[in-house]
Amino acid sequence: MRIKDWDYNLKIRLVGEGLMNITFWMFFPFLTIFFADAFGKGKAGFLLILSQVFSVLANLMGGYFADRFGRKTMMVVGSFGQGLSFMIFALSNSPWLQLPILGFICFAFAGVFGSFYWPASQAMVADVVAEKDRSSVFAVFYTSINIAVVIGPILGAIFYVRYPFEVLLGAGIMCMLLSLLLAKQTRETAPVFQGETDINKQRWYHPIIKQVKDYHIIFKDQTFLLYIVAGTLVAMTFMQLDMIIPVYITDMIQQQEMLKIGDWSLTLNGEQAFGVILSENGLLVALFTIVITKWMTKFKERNVFMISSIIYGIAIFIFGQTGSIWIFIFAMALFTLAELMTAGIQQTFVSKLAPENMRGQYFAAASLKFTVGRTIAPIAIPMSLWFGYPITFSILGGLAIFSAFLYYLMFQKSEKNALQNVEAS
């Protein structure tokens, strides 16, 4: 499906969200550094865990709100709330006021409003795009995000490092403009509820209770339980890209020469080096997702999952043993390879594992590995105080490699169950 044939709502969103994502990625990767400097690594880690808990709860309610109040309404509220949060955050880190705790509160609220925005955003695509074309539309939005991940950190390394107030203020204004654009130029796409329906009878906390109840299936299906536990360890490793890795690189690199040609040289500080490395991740994802996904289909799923986990472990271990920009770049290439190896097969694996009448529940529960991984990932920051960086990164690498063993057990159990089912039939 070509972009020129898209619904007008989606065209508006593609442009508006593209600009918003670029401004967001100009400062988001550097916030962990800001909080670690402001509160200390120990307190910052626990505060980030707290903020993720709020975002997780908001995400559980986001789908309900999108159905109850409408896609457009929640997207307008979500982008406006994020904009207001970023603007107050800017004020808390301005020439007139230095109040980091206010900045953290705004960061937490921005996460909550973002969790309200994205479920409505995904639902709107399903509302206006035929099923056969949805994958291509989602792929365009995914590519747009990865372009922002490439451009944003580079701009952030140039501008946010020197002008944090102006960048945060600009992000707030951009979110406000997106909210205005959505309010004025898009239409509501959610089905109209008439009379007393189940959705109207629900309380705000019902979606949370329902999803928590749905997760009981992981305790009944041991294969799926192993998938969740192994996936959580991998997710915890991947989430370090926004947690301990920026703090570590900033601590290790003060001023380091990256390139030298004749009398000219490129020297980067820690924040700029991290911006380059994060942009490398986004660029590699944008360029090689399709190629590597197609390549991985030639191998057994068990081998792909296990080798991906091992490469994650090796990459995160290398990060913690060096202070060289070029070795960081090499480690990030390995890190991204591990990410892309399973990007295309995870949903397929879950669909095969799930009974046909329970696929919805299985897919909902499968997201638990990201939810839990994102929530516990910030613990790595205070761990660096308790054990030091090399040991912390070694522990993270060990957990990733242990997930490979769990995947091995998972596939063994899956194959055993499949054989028993064949014999029973």
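Residues numbered from 1 in each chain as written. Predicted model: local features only at pLDDT ≥ 70, side-chain atom pairs only at ≥ 80, totals over all residues. Heavy atoms only, no water.

Novice: I keep staring at the overall build of the protein and nothing clicks. Help me out?
Specialist: Counting its regular elements, the protein contains 20 helices and two strands. Burial analysis of the protein (425 residues in total) assigns 52% to the buried set. Intrachain contacts of the protein at a sequence separation of at least 6 include 84% that bridge at least 24 residues. Here the protein has roughly 20,000 Å² of accessible surface; of this, 67% comes from carbon and sulfur atoms. (Helix = DSSP H or I, 4+ residues; strand = E, 2+ residues; numbered from the N terminus. Buried < 20%, exposed > 50% of the residue type's maximum accessible area, 1.4 Å probe, protein only. Contact = heavy atoms within 4.5 Å. Areas by Shrake-Rupley, 256 points an atom, 1.4 Å probe, with all protein chains shown as cover.)

Novice: What am I meant to see in helix H15 (residues 325-341) here?
Specialist: Count 3.6 residues to each turn of an α-helix, and residues three or four apart come out pointing the same way. For H15, with 17 residues, the first-to-last C-alpha span of 24 Å sits near the 24 Å given by 1.5 Å per residue. Extensive coverage of H15 is indicated by the burial of 12 of its 17 residues. Packed against the buried residues of H15 are helix H11 (222-238), helix H12 (244-252), strand S1 (256-261), strand S2 (264-268), helix H13 (270-296) and helix H14 (301-319). (Expected span 1.5 Å × (residues − 1).)

Novice: Any chance you could explain the side chain of Gln-240 here in plain terms?
Specialist: Within the fold, Gln-240 resides in the loop between H11 and H12. By relative accessible area, which is 0% here, Gln-240 ends up buried. Excluding residues that lie within four positions of it along the chain, Gln-240 makes contacts with Ile-245, Pro-246, Ile-316, Ala-377, Ala-380 and Leu-396.

Novice: Please clarify how the packing of aromatic side chains should be interpreted in this entry.
Specialist: When we look at a pair of aromatic rings, we describe it by the centre distance and by the angle of the planes. Following the criterion strictly, the structure yields 31 aromatic pairs and no others. Judged by centre distance (6.0 Å) and plane angle (80°), the ring pair of Tyr-248 and Phe-328 falls under edge-to-face. In this pair, Tyr-248 sits in helix H12 while Phe-328 sits in helix H15, placing the two residues 80 residues apart along the sequence. Like Tyr-248, the residue Phe-328 is buried in the burial classification. A network of ring pairs unites the aromatic residues Phe-238, Tyr-248, Tyr-312, Phe-319, Phe-328, Phe-335, Tyr-389 and Phe-393 as a single cluster. (Phe/Tyr/Trp six-rings, centres within 6.5 Å; stacked < 30°, edge-to-face > 60°.)

Novice: What's the story with the pairing of S2 in this structure? I'm lost.
Specialist: For a regular strand, the rule is simple: side chains alternate between the two faces of the sheet. Looking at chain direction, S1 and S2 are connected through five bridges and run antiparallel. Within S2, the position partnered with Lys-260 by the bridge is Ser-265. (Pairing = 2+ DSSP bridges.)

Novice: What is the right way to read a nonpolar patch on the surface from this model?
Specialist: A cluster of nonpolar side chains, contributed by Leu-91, Trp-96, Leu-97, Leu-99, Ile-101, Ile-105 and Phe-109, occupies part of the molecular surface with about 680 Å² of accessible area. In terms of residues, the nonpolar patch owes the most to one element, helix H5 (residues 100-128), which gives three residues. In this fold, Phe-109 is placed in helix H5. (Patch = residues over 30% accessible without salt bridge, like charges linked within 9 Å, V, L, I, M, F, W, Y side chains within 5 Å. Salt bridge = Lys/Arg side-chain N within 4 Å of Asp/Glu carboxyl O.)

Novice: What is the right way to read the environment of Ala-404 from this model?
Specialist: Inspection of the secondary structure puts Ala-404 in helix H20 (residues 389-424). Overall, Ala-404 belongs to the buried group, its relative accessible area being 3%. Between the alpha carbons of Ala-404 and Leu-233 there is a distance of 9.7 Å; along the sequence they are 171 residues apart. In this view, Ala-404 contacts Met-306, Ser-309 and Ile-310; residues no more than four positions away in its chain are not counted.

Novice: Any chance you could explain the pattern of salt bridges here in plain terms?
Specialist: Pairing between side chains of opposite charge can happen when their charged atoms approach one another. Going through the model one piece at a time under the given rule, you end up with two salt bridges. We note a salt bridge from Arg-13 to Glu-17, for which the minimum N-O separation is 2.8 Å. In this pair, Arg-13 and Glu-17 are both assigned in helix H1 (residues 8-27), four residues apart and thus about one turn of the helix distant.

Novice: Sorry if this is basic, but what is going on with the packing of helix H2 (residues 31-39) against H12 here?
Specialist: The description of two helices packed together rests on the angle between their axes and the distance between the axes. Put simply, H2 and H12 touch, their axes get as near as 8 Å, and they point 70° apart. It follows from the interaxial angle that H2 and H12 lie roughly perpendicular. For the element pair H2 and H12, the recorded crossing hand is right-handed. On H12, the residues touching Thr-32, Ile-33 and Ala-36 of H2 are Pro-246, Val-247 and Thr-250. When grouped by side-chain class, the residues that make up the contact of H2 with H12 number four nonpolar, two polar and no charged. (Axes fitted to C-alpha atoms, helices over the stretch in contact; angles between N-to-C directions. Parallel < 35°, antiparallel > 145°, perpendicular 65-115°, else oblique. Left-handed = near helix turned anticlockwise from the far one by under 90°. Nonpolar A, V, L, I, M, F, W, Y, C, P; charged D, E, K, R; others polar.)

Novice: For this particular structure, what's the right way to read the environment of Tyr-312?
Specialist: Structurally, the position occupied by Tyr-312 is in helix H14. A sequence separation of 20 residues divides Tyr-312 from Met-332, and the C-alpha atoms of the two residues are 9.7 Å apart. Not counting chain neighbours up to four residues away, the residues in contact with Tyr-312 comprise Val-234, Thr-237, Phe-238, Phe-335, Ala-338, Glu-339 and Ala-400.

Novice: Can you help me understand the environment of Asn-269 in this one?
Specialist: Among the secondary structure elements, Asn-269 is positioned in the loop between S2 and H13. You can call Asn-269 buried: its relative accessible area is 18%. C-alpha of Asn-269 to C-alpha of Ile-249: the two residues are 20 residues apart in sequence and 9.2 Å apart in space. In contact with Asn-269, not counting residues within four places along its chain, are Val-161, Ile-253, Gln-254 and Gln-255.

Novice: Sorry, what's going on with the confidence of the model for the protein here?
Specialist: Reading predicted coordinates in detail is not appropriate for stretches of low pLDDT. When pLDDT is averaged along the protein, the result is 83; 88% of the residues meet or exceed 70. Per-element confidence in the protein is highest for H14, whose mean pLDDT is 94, and lowest for helix H8 (residues 198-201), whose mean pLDDT is 55. (pLDDT = per-residue confidence, 0-100.)

Novice: Hey, could you run me through the side chain of Glu-17 in this one?
Specialist: A relative accessible area of 3% places Glu-17 in the buried class. Of the polar contacts made by the side chain of Glu-17, one reaches the side chain of Tyr-117; its length is 2.6 Å. In this structure Glu-17 touches Met-75, Tyr-117, Trp-118, Ser-121, Phe-141 and Leu-178, once residues within four positions along its chain are discounted. (Polar contact = N/O pair within 3.5 Å; in protein donor to acceptor, adjacent residues only side chain to side chain.)

Novice: How should the nonpolar core be read in this particular structure?
Specialist: The tendency in soluble globular proteins is for nonpolar side chains to be buried side by side. Phe-35, Tyr-227 and Ile-245 are the most contacted members of the largest nonpolar core, which has 112 residues in total. Non-local contacts of Ile-245, meaning those with residues more than four positions away in its chain, are made with Gln-240, Phe-274, Ile-316, Phe-319 and Phe-393. (Core = buried A, V, L, I, M, F, W, Y, C linked by side-chain atoms within 4.5 Å.)

Novice: Quick question: what am I supposed to make of the packing of H1 against H5 here?
Specialist: Axis separation between H1 and H5 bottoms out at 11 Å; the angle between their running directions is 150°. Judged by the inter-axis angle, H1 sits roughly antiparallel to H5. Where H1 crosses over H5, the handedness of that crossing is left-handed. On the side of H1, the interface is formed by Asn-9, Leu-10, Arg-13, Glu-17, Met-20 and Asn-21, while H5 contributes Tyr-117, Trp-118, Ser-121, Met-124, Val-125 and Val-128. Within the contact of H1 with H5, the residues separate by chemical class into seven nonpolar, three polar and two charged.

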